Amino acid sequence: MELPETDSLPYETAENIILRWDTTASDDARLRMIFDGDRQEIDLYLQAVDRIQLSMESTTLSDDQGQSKKVNTAIQIAMARLEDEFRKILISHATPIETDSLSESTPRSTNSFTEFSVHSDYSNRGEEDALSRDASSSLSEQAENSSRAISSYRSMSSIRELDLMPSDSIYDLRSIAERMISAGYFRECVQVYGSVRKAAVDGSFRKLGVEKLSIGDIQRLEWDALNAKIGKWIRAAKMCVRVLFASEKRLCEQIFQGLGSAADEACFMETVKGPAVQLFNFAEAISISRRAPEKLFKILDLHDTLVDLLPDIDVVFEGASAESIRVQAAEVILRLAEAARGMLNEFENAVLREPSRVPVPGGTIHPLTRYVMNYISLISDYKQTLGELIVSRPVTGSRYSDDASTPDMDFTEHDEQSPLALHLIWIIVILQFNLEGKSKHYKDTSLAHVFVMNNVHYIVQKIKGSPELREMIGDTYLRKLTAKFRQAATSYQRATWVGVLYCLRDEGLHVSGSFSSGVSKSALRERFKSFNAIFDEVHKTQALWLIPDAQLREELRISISELLIPAYRSFLGRFRTHIESGRHPENYIKYSVEDLETALLDFFEGNAVSQHSRRRSQ
């Protein structure tokens, strides 16, 4: 206590000073605060308290009982007054911290997935799904931005401690706390401090958007609402641990450190234990909620946030009395990790069991395919975290042992790939299995092949478009997928064009007899009529089909053209004169070679073809 020596102040004078500031005996004492006055008055009161305490310590059982009672009464009055002064100083500096200039950047991904929908709108079926991503800044950029706005903190790694009070107020609070604790009023001091500072912390929580929700409240929230709250929580958690709690701890140390009974630790926990438990209860509630696949990426954001914060949590909550906070944070991380593993398994099940049976019009890309590939592209973005969490290979047989229709997979050729990569490959395998089942709902076999080709090609393009995903899937499996959609294209050509080309064969057109041999004009006319009817139907039907990828659409048209055009040109060249020498040749030769080439441009555009859109040979 840096005050004048207490021996120089007579006891009676000290007692009078104490009684003069007794709020129960004086209106002036009730209306005025000692620590609002000048320094000399403050120091005089503290000197009087010290003198009374010294008298109390020197009083023995053999001393005059009346004197002892007087000393105890004076101490009680002094402590009551100091408690009021302590509270008043704390309240005058209990404003919430300014959070705007210290706000952390958003997490690396704010992607939100909804559940599988089988009632999708196919009006924009040729367009790619756009996944929104919020930009994320590095921790060093965050620290640089914060340092420009706030100069009154000292930096310890990622922890940033604000000066919550001016130094003279801290000096006064420490002076009061020292005397209250010395007089045996430790509990009262801690309670006053904790109640006022906790209110300030609660105010900061409100500014940061941290709500007081029970675990039950959180689990009852709709996903869209919860998704928004998770983003707010991530930003708030970083602020709370690294700034708010760290600053509160520093303030406790400035006021209470060295005053005995671990006073600084006790006051810190009195202030922040409730808010800290409230903060981590949110993440805990998410970790034990229903394991819906669309929650995976927010779960991973929560997990990564807490893993990143854990060293700072250990620093801020280092005392023995704060062990429960450290344990809770560590346990929440474990639960989030388990939840992420469970959600990946649930996603695999959802892909396999997605039940839609209505064929997508035109054999285009199924919404399930878009959803799954966007989903696993995001998984590859989280490969560092998931690579640490996913340590076992997917179970491809025993999990569905009662279902013989479930695909299996031999992983022996993927021995060098990580368990996470194998899970991604397995998801693509079961997606293909599901799509094969959906293709059987098409009545037209050719359209079923186009559907498979479109969807597997889309899978290949999504893998090629993501370097991280391509690296994980590997070129070996990518080549298998490429062969798969090419095989589907070949199967389509066989199913559609073998019948068309069959009309252009020579067999059955030549006749021979005892008097003459040559071409049967009636058979030839029927052959041209058959070709025209079949091609008309194919043209009308397959113009409505859709291949969204322009390059794939063009490649398939070229392949069809290489089959059809030479065969038709040759057939027309050999037999045209036989038809044109007869009556009404236009009824049989409806298409020139150029007409067919033009008609092929209508294929796979997803649009109806007008009869007047064809150019006919005259």
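Novice: Whenever I open this one, the overall build of the protein confuses me. Can you help?
Specialist: Looking only at helices and strands, the protein has 21 helices and 4 strands in total. Residue burial in the protein is summarised as follows: out of 618 residues, 50% are buried. Taking the contacts inside the protein whose residues are at least 6 apart along the sequence as the reference set, 81% of them involve residues at least 24 apart. Within the structure as shown, the protein displays about 29000 Å² of accessible surface, and the carbon and sulfur contribution to it stands at 50%.

Novice: Would you mind showing me how to read the pattern of salt bridges here?
Specialist: Side chains that carry opposite charge are capable of pairing whenever their charged atoms lie near each other. Tallying each qualifying case throughout the model produces 32 salt bridges. Two residues, arginine 39 and aspartate 43, come together in a salt bridge whose shortest N-O distance is 3.3 Å. With a gap of 4 residues between them, arginine 39 and aspartate 43 both fall in helix H3 (residues 39–58), about one helical turn apart. The residue glutamate 248 makes a salt bridge to arginine 197 at a minimum N-O spacing of 2.6 Å. One end of the pair, glutamate 248, is in helix H9 (residues 223–256); the other, arginine 197, is in helix H7 (residues 186–208), with 51 residues separating them in the sequence. Neither residue differs from the other here; glutamate 248 and arginine 197 are each classed as buried. In the salt-bridge network here, residues are joined through shared partners; they are Arg553, Glu554, Arg557 and Glu605.

Novice: I would appreciate a short explanation of the confidence of the model for the protein in the present structure.
Specialist: A low pLDDT means the predicted coordinates there should not be read in detail. For the protein, mean pLDDT is 84; residues scoring 70 or higher make up 84% of the total. Considering each helix and strand of the protein separately, the mean pLDDT is smallest for helix H5 (residues 139–149), with a value of 34, and largest for helix H16 (residues 445–464), with 97. Under a pLDDT of 50 for its full length, residues 117–156 has, in the predicted model, 66 contacts with residues more than four places off or in other chains. Segment residues 614–618 is flagged for pLDDT under 50; beyond a separation of four residues in sequence, or across chains, it makes 14 contacts in the model.

Novice: Is there a simple way to explain H9 in this structure?
Specialist: Because each turn of an α-helix spans 3.6 residues, side chains separated by three or four positions in sequence point in the same direction. Within H9, the axis deviates most sharply at cysteine 240, by approximately 45 degrees. When you tally the buried positions in H9, you get 27 out of 34 residues, the bulk of the element. Positive phi appears at glycine 258, one or two residues downstream of H9, with a value of about 85 degrees.

Novice: Quick question: what am I supposed to make of the packing of helix H15 (residues 419–439) against H16 here?
Specialist: Two packed helices can be described by the angle between their axes and the distance between those axes. Where H15 contacts H16, the axes come no closer than 9 Å and their chain directions differ by 160 degrees. One way to sum up the angle between H15 and H16 is to call them roughly antiparallel. As H15 runs across H16, the sense of the crossing is right-handed. For the pair formed by H15 and H16, the contact residues are Ile428, Leu431, Gln432, Leu435, Glu436, Lys438 and Ser439 on the first element and Ala448, Phe451, Val452, Asn455, Val456, Ile459 and Ile463 on the second. Split by residue class, the contact of H15 with H16 holds 9 nonpolar, 3 polar and 2 charged.

Novice: Would you explain the side chain of histidine 457 in this entry?
Specialist: The residue histidine 457 is located in helix H16 in this model. According to the relative accessible area criterion, histidine 457 is buried, its value standing at 8%. Residues within four places of histidine 457 in sequence aside, it is in contact with Phe485, Asp549 and Leu552.

Novice: Explain the packing of aromatic side chains here, please?
Specialist: The geometry of an aromatic ring pair is captured by the separation of the ring centres together with the interplanar angle, meaning the angle of the planes. Scanning all chains against the criterion turns up 24 aromatic pairs. Cluster of aromatic residues (ring-pair linked, three or more members): Tyr492, Trp497, Phe531, Phe535, Trp545, Tyr568, Tyr591, Phe603 and Phe604. Just above the ring of tyrosine 502 sits the side chain of arginine 505; from NZ or CZ to the centre is 3.6 Å. Here the guanidinium or amino end of arginine 525 rests over the ring plane of tyrosine 588, the centre of that ring lying 5.9 Å away.

Novice: What should I look at first to understand the packing of helix H6 (residues 167–182) against H7 in this one?
Specialist: At a minimum axis separation of 7 Å, H6 and H7 run at an interaxial angle of 145 degrees. Taken together, the residues of H7 that come into contact with H6 (itself represented by Ala177, Met180 and Ile181) are Phe186, Glu188 and Cys189. Split into classes, the residues belonging to the contact of H6 with H7 amount to 5 nonpolar, no polar and 1 charged.

Novice: Help me understand the nonpolar core in this model?
Specialist: The tendency in soluble globular proteins is for nonpolar side chains to be buried side by side. By size, the foremost hydrophobic cluster in this structure holds 185 residues, and its most contacted members are Phe245, Phe256 and Phe317. No other element matches the 18 residues that H9 contributes to this core. Among residues more than four places away in sequence, those in contact with phenylalanine 245 are Val201, Phe205, Cys240, Phe268, Val272, Pro275, Ala276, Leu279, Val316 and Phe317.

Novice: What should I look at first to understand helix H10 (residues 263–287) in this one?
Specialist: With 25 residues, H10 should reach 36 Å at 1.5 Å per residue; the first-to-last C-alpha distance of 35 Å fits that figure. In H10, a bend of some 45 degrees at valine 272 exceeds every other bend along the element, and proline 275, a proline, comes one to four places later.

Novice: What exactly am I supposed to notice about unusual backbone geometry here?
Specialist: What is expected of a backbone is that most residues other than glycine have negative phi and most peptide bonds are trans. The backbone phi angle of phenylalanine 604 is positive, close to 70 degrees, even though this residue is not glycine. Relative to the assigned elements, phenylalanine 604 resides in the segment after helix H21 (593–600). Residue classification places phenylalanine 604 among the buried residues on the basis of a relative accessible area of 0%.

Novice: Help me understand the environment of isoleucine 313, please; the structure alone is not making it clear to me.
Specialist: Checked against the element boundaries, isoleucine 313 lands in helix H11 (residues 296–316). Owing to a relative accessible area of 0%, isoleucine 313 belongs among the buried residues under this scheme.

Novice: Quick question: what am I supposed to make of the state of the cysteines here?
Specialist: Put plainly, two cysteines are in a disulfide when a covalent bond ties their sulfur atoms together. Considering all chains together, one arrives at 0 disulfides under this definition. Lacking any disulfide linkage, cysteine 267 is separated from the closest cysteine sulfur, that of cysteine 189, by 5.6 Å. For cysteine 267, a relative accessible area of 0% corresponds to the buried category.

Novice: I keep staring at the environment of leucine 424 and nothing clicks. Help me out?
Specialist: Inspection of the secondary structure assignment puts leucine 424 in helix H15. Considered as a pair, leucine 424 and proline 394 are 30 residues apart in the sequence and their alpha carbons are 9.3 Å apart.

Novice: Can you help me understand the environment of serine 55 in this one?
Specialist: Examined against the element boundaries, serine 55 turns out to sit in helix H3. Placed 13 residues apart in sequence, serine 55 and serine 68 show a C-alpha to C-alpha distance of 8.8 Å. Those residues in contact with serine 55 that sit more than four places away from it in its chain are Tyr11 and Val71. A distance of 2.7 Å separates polar atoms of two side chains, one belonging to serine 55 and the other to arginine 51.

Novice: Even after reading the chapter, I still don't get the side chain of glutamine 493, so can you show me in this structure?
Specialist: Topologically, glutamine 493 is positioned in helix H18 (residues 475–502). In this structure the side chain of glutamine 493 is engaged in a polar contact, spanning 2.7 Å, whose partner is the side chain of serine 559.

Rules behind the numbers
Residues numbered from 1 in each chain as written. Predicted model: local features only at pLDDT ≥ 70, side-chain atom pairs only at ≥ 80, totals over all residues. Heavy atoms only, no water. Helix = DSSP H or I, 4+ residues; strand = E, 2+ residues; numbered from the N terminus. Buried < 20%, exposed > 50% of the residue type's maximum accessible area, 1.4 Å probe, protein only. Contact = heavy atoms within 4.5 Å. Areas by Shrake-Rupley, 256 points an atom, 1.4 Å probe, with all protein chains shown as cover. Salt bridge = Lys/Arg side-chain N within 4 Å of Asp/Glu carboxyl O. pLDDT = per-residue confidence, 0-100. Bend = angle between axes of the 7 residues up to and from the residue. Axes fitted to C-alpha atoms, helices over the stretch in contact; angles between N-to-C directions. Parallel < 35°, antiparallel > 145°, perpendicular 65-115°, else oblique. Left-handed = near helix turned anticlockwise from the far one by under 90°. Nonpolar A, V, L, I, M, F, W, Y, C, P; charged D, E, K, R; others polar. Phe/Tyr/Trp six-rings, centres within 6.5 Å; stacked < 30°, edge-to-face > 60°. Lys NZ or Arg CZ within 6 Å of the ring centre and 35° of its normal. Core = buried A, V, L, I, M, F, W, Y, C linked by side-chain atoms within 4.5 Å. Expected span 1.5 Å × (residues − 1). Disulfide = S-S within 2.5 Å. Polar contact = N/O pair within 3.5 Å; in protein donor to acceptor, adjacent residues only side chain to side chain.

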